[in-house]
Structure formats: structure tokens, C-alpha cells
Amino acid sequence: MSSISPATPTRGWSFWWKPLLFLLVAGIGLYYVKWSPYYFKAFVAADNHSIGASILNDNQGEPVAAALAYAKVYFLAIWKAAVLAVILGSLIQVLIPRDWLLRLFGKAGLGSTLRGGLFALPGMMCTCCAAPVAAGMRRQKVSVGAALAFWIANPVLNPATLVFMGFVLGWGFSALRLVAGIVLVVGVSLIAQRISRPESIPEAALDAVSQASLVDEQNFFSRWGRTLWQLFWNTIPVYLLAVLLLGAARVWLFPHVDGAMSDSLMWLVPLAIIGTLFVIPTAAEIPIVQTMMALGMGTAPAVALLMTLPSVSLPSLLMLRKDFDARVLVSVALMTMLVGVLSGLVGMWLL
């Protein structure tokens, strides 16, 4: 006796315009905020072997002044990307059919994790700007591994940053960052997926979600407005506060660099920890490390900072506190520190 499968629902233009609108908004936004500026910045990096001054190089000695000065420079650098990230993080919840997301990213395993990492490559966002989109993915029940891979791959495997790094610091640094970045994105995401007790998404559940997507005819703008406000309120206030606190703490977090900051573990481990917690705009790790190496920093701590500064940060971890288990986020931070230390040791021998 043959089984009867449910008929595939017919999806007309009223269904397809939503994902097309998402792609349009994402394409225009990323072109304006990321693709066009980075294209021209690559020529600057190639000609000058620099992409600007270190964001830490303002010699602030008083915590309140340091907090305000850093927050001003930081938010001027990222505010456009942050606005776009919140918009995309909310639109992914109301424009992309949930069954599509679940089929691509819903199952725990290597396939979903790899797709999450590949999905991140056009974004080229910093860790805090990628966080609202990762939060939006999780609220659509995307797997932990896929959402984490998207979040971490945005800053770590940023193609533009790898190009800048090659022109400014040397292509050996870019190659090491790429290899270690792939290990970080895939390895950390898969381990965190196991820590979170991954769920398996049965086909019947996907079909049910597909049917629900068709009958949800609630007004689009009311749904989007509610989703946008929830995402904003859960991520941005804590983000602003954490950036101010880290801006003040940098007075103690980043000591004066001299020839004594060598390749020893005494510097490698603390800087890997600091790099994991601190927050920077996209590609800002390059001028930071370039300046510190010119002042005498060794290769090992420099590589550790190149790996950990962009990967995650305390603000981005706090932004995702409602969408991932605390033990998952703590594990991600600890594993990022470990990858930073190991990468520094490898860099000390190879570079």
C-alpha cells in the first residue's frame, strides 16, 4: 500500500516578493556600507601598505575620557553597518520563509555549519554587527552551529580584511589567518553545537513550518516593527554600555608596548584573552598590530591579537545572551582564546 504525501502548496508572487525584497535590501545595504568602500580601501592598502592609524593610538590616560573618546571613534566607524545589521536581523525573521532557513541551516552537523560560514562571506561585518543577524537566525530556529559559524566567519574570514592584511602585514599573516580562521569557525561552531545538545529537525516539522508560512497573513509592517523593536531592545542598549566600559578599560588592557613584549607566553596568553573580550570595528586589528609591531611587539602576541580581536567580543557575547545558552557563549570565548594562543605559537615559528 503506497503512502500518500501531502500536496506541495502553491506559492505565488505574494510569497516570493518577500525573499526577493530581503535580497534587494541586503545587496543595496552591503554595497553602500561594505563592498564599495572596501574596494577602494584595497587600493589604499596596496599603495600605502597601511589602512590608517590604530584606533587605540590616542594616549588617553583617564578612564572616562578614554571611554568617551573610544566610543566616539568606534561608533563613527560602525554605525552604518550596525543599522544595516539590525534591519537585516529583523527582516530575516519576517521575509525569509522559515522552512527555507531550516532546510539550509536547521540541522545540527557539518553541512549546516559550512553553509552558515559561507553565508557570512558577503557580509564582511564585525562581530557586533553580525550579532543581530545571528540572533535573527536563531529566533527562526536555525541550528546553533550554523548561527555561530555565520557570526564568527563574518569578521574572521572577511575577504576584504584578508586582502588588507596581505598588503599591510604580509601575505604570510593572511594565509595563517585564513587557515586558523577556518579551524576557528568550523571547529568552535561544531563543538559549541554539541555542548548545546543539538536538535534534529524531522521532515514532518519542516512541512508543518512550510504550511504555517503560507497562512501567516498578518500585516507585514506590524510584524516587522515588532520584530525590529524586540531585536533592537535586546541587543543595542547592552552593546552601547559594553563599548563604553571597554573604552574605559583599555587604559589598563593595552599596556605601553616596548621591546620587552616578546614571544613569551607571559604576553601571548594575556593578549589572547584581552583580544577576545575587546571590541573593534572591521579590520581595525590590522593597524593596531602594525603599530604595536613597529614598537617592538613579538610575532606570537601579534598573531594572537590578529585572531582574537575580530573574532568575538564581550559586547557581541552580551548581545547574543538571549539567543544562545550561556555555556555555549562561554565555551566560544574560551575556545577563541585557545585558538589565539595556538595561532600565536604557530606564527612564531612560521612567520
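- The name an unreviewed UniProt entry assigns to the protein chain is Permease, from the organism Pseudomonas deceptionensis.
- In the Sequence similarities (unreviewed entry) part of its UniProt record, the protein chain is described as follows: "Belongs to the UPF0718 family."
- Note on the protein chain: under the UniProt heading Subcellular location (unreviewed entry), the record states "Cell membrane".

### Thoughts on the overall build of the protein chain
Okay, so step 1: Tallying secondary structure elements over the protein chain gives 15 helices and zero strands in all.
Okay, so step 2: For the protein chain, the proportion of its 351 residues judged to be buried stands at 53%.
Okay, so step 3: If you sum the accessible surface of the protein chain, you get close to 15800 Å²; carbon and sulfur atoms cover 70% of it.

### Digging into the pattern of salt bridges
Okay, so step 1: A complete count under the given rule lists two salt bridges for this structure.
Okay, so step 2: The shortest N-O distance in the salt bridge between Arg-139 and Asp-323 comes to 2.8 Å. With Arg-139 in helix H5 (residues 127-139) and Asp-323 in the loop between helix H14 (314-319) and helix H15 (326-350), this residue pair connects regions lying 184 residues apart in the sequence.

### Some remarks on helix H13 (residues 299-311)
Okay, so step 1: Between its first and last C-alpha, H13 extends 19 Å over 13 residues, near the 18 Å set by a 1.5 Å rise per residue.
Okay, so step 2: The buried count for H13 comes to 13 of 13 residues, which makes it a mostly enclosed element.

### Here we look at the environment of Val-44
Okay, so step 1: By the element assignment, Val-44 lies in helix H1 (residues 13-48).
Okay, so step 2: The class for Val-44 is partly exposed, based on a relative accessible area of 38%.
Okay, so step 3: Ignoring any residue separated from it by four or fewer positions in sequence, one finds Val-44 in contact with His-49 and Ser-50.

### A word on the environment of Leu-317
Okay, so step 1: Here Leu-317 shows up in helix H14.
Okay, so step 2: The buried category is assigned to Leu-317, whose relative accessible area is 11%.
Okay, so step 3: As a C-alpha pair, Leu-317 and Tyr-239 span 78 residues in sequence and 9.3 Å in three-dimensional space.
Okay, so step 4: Setting aside chain neighbours within four positions, we find Leu-317 in contact with Trp-151, Leu-329 and Ala-333.

### Section: the side chain of Glu-285
Okay, so step 1: Looking at the secondary structure, you find Glu-285 in helix H12 (residues 285-294).
Okay, so step 2: Excluding residues within four positions of it along the chain, Glu-285 makes contact with Thr-161, Met-165, Arg-177, Ile-280, Leu-305, Leu-306, Leu-309 and Pro-310.

### A word on the packing of H13 against H15
Okay, so step 1: At their nearest, the axes of H13 and H15 sit 7 Å apart, and the two run at 145° to each other. Both H13 and H15 take part in a crossing whose hand is right-handed. Listed contacts from H15 to Thr-299, Ala-300, Val-303, Ala-304, Met-307, Thr-308 and Ser-311 of H13 are Thr-336, Val-339, Gly-340, Ser-343, Gly-344, Gly-347 and Met-348.
Okay, so step 2: Looking at the contact of H13 with H15 residue by residue, the classes come out as six nonpolar, eight polar and no charged.

### With respect to the packing of aromatic side chains
Okay, so step 1: Taken as a whole and judged by the stated rule, the model has 17 aromatic pairs.
Okay, so step 2: Geometrically, the ring pair formed by Phe-220 and Trp-224 is stacked, given 6.2 Å between the ring centres and 15° between the ring planes. Here Phe-220 and its partner Trp-224 are both found in helix H10 (residues 220-253), four residues apart, which amounts to about one turn of the helix.
Okay, so step 3: On the basis of relative accessibility, which here comes to 13%, the residue Phe-220 falls in the buried class.
Okay, so step 4: With 5.9 Å between their ring centres and 25° between their planes, Trp-229 and Phe-232 make a pair best called stacked.

### Remarks on the nonpolar core
Okay, so step 1: Formed by 101 residues in total, the largest nonpolar core has its most connected members in Tyr-74, Trp-151, Phe-164, Tyr-239 and Val-332.
Okay, so step 2: The element contributing the most residues to this core is helix H2 (residues 63-94), with 14 residues.
Okay, so step 3: Apart from the residues within four sequence positions on either side, Tyr-74 is in contact with Ile-55, Cys-126, Cys-128, Tyr-239, Val-243, Val-279, Ile-280 and Pro-281.
Okay, so step 4: Membership of the second largest hydrophobic core comes to five residues, among which are Leu-268, Ala-300, Ala-304 and Val-341.

### Here we look at the environment of Gly-340
Okay, so step 1: Tracing the chain through its elements places Gly-340 in helix H15.
Okay, so step 2: Distance in space between the C-alpha atoms of Gly-340 and Pro-301 is 8.7 Å, their sequence separation being 39 residues.

### Thoughts on helix H7 (residues 159-168)
Okay, so step 1: Most of H7 sits inside the fold, with seven of its ten residues counted as buried.
Okay, so step 2: For H7, every residue scored as buried is listed here: Ala-160, Thr-161, Leu-162, Phe-164, Met-165, Gly-166 and Val-168.
Okay, so step 3: Once H7 finishes, Gly-170 follows within two positions and takes phi at roughly 120°, a positive value.

Each value, and the rule that gives it
- Throughout this description, residue numbers start from 1 for each chain and increase along the sequence as written.
- Whole-chain, interface and lining totals are the exception, using all residues; otherwise, since this is a predicted model, local features are given only for residues with pLDDT of at least 70 and side-chain atom pairs are given and counted only at 80 or more.
- Each side-chain value is derived from all of the structure's non-hydrogen atoms; neither hydrogens nor water enter the calculation.
- UniProt positions are given in the numbering used here, feature names are shortened, and annotations may be inferred rather than shown by experiment.
- For helices the rule is a DSSP run of H or I covering at least 4 residues; for strands it is a run of E covering at least 2, with both sets numbered from the N terminus onward.
- We call a residue buried when its accessible area falls under 20% of the maximum for its residue type, exposed when it is over 50%, and partly exposed in between, using a 1.4 Å probe and counting protein chains only.
- The method behind every accessible area is Shrake-Rupley, applied with a 1.4 Å probe, and residues are considered shielded solely by the protein chains displayed.
- Every case where a carboxyl oxygen of Asp or Glu lies within 4 Å of a side-chain nitrogen of Lys or Arg is listed as a salt bridge.
- Multiplying one less than the number of residues by 1.5 Å gives the expected span of a helix.
- Pairs of residues are marked as contacts when any of their non-hydrogen atoms sit within 4.5 Å.
- Here, axes are lines fitted to C-alpha atoms. For helices the fit covers the stretch in contact, and angles between N-to-C directions go from 0 to 180 degrees.
- Note: crossing handedness is left-handed where the near helix turns anticlockwise from the far helix by less than a right angle, and right-handed where it turns clockwise.
- In this classification, the charged set is Asp, Glu, Lys and Arg, the nonpolar set is Ala, Val, Leu, Ile, Met, Phe, Trp, Tyr, Cys and Pro, and all remaining amino acids, among them Gly, are polar.
- The aromatic pairing rule takes the rings of Phe, Tyr and Trp, using the six-membered ring of Trp, and pairs them if the centres are within 6.5 Å, calling planes under 30 degrees apart stacked, those over 60 edge-to-face and the rest tilted.
- Among buried residues, those of type Ala, Val, Leu, Ile, Met, Phe, Trp, Tyr and Cys that are joined through side-chain atoms within 4.5 Å constitute a nonpolar core.

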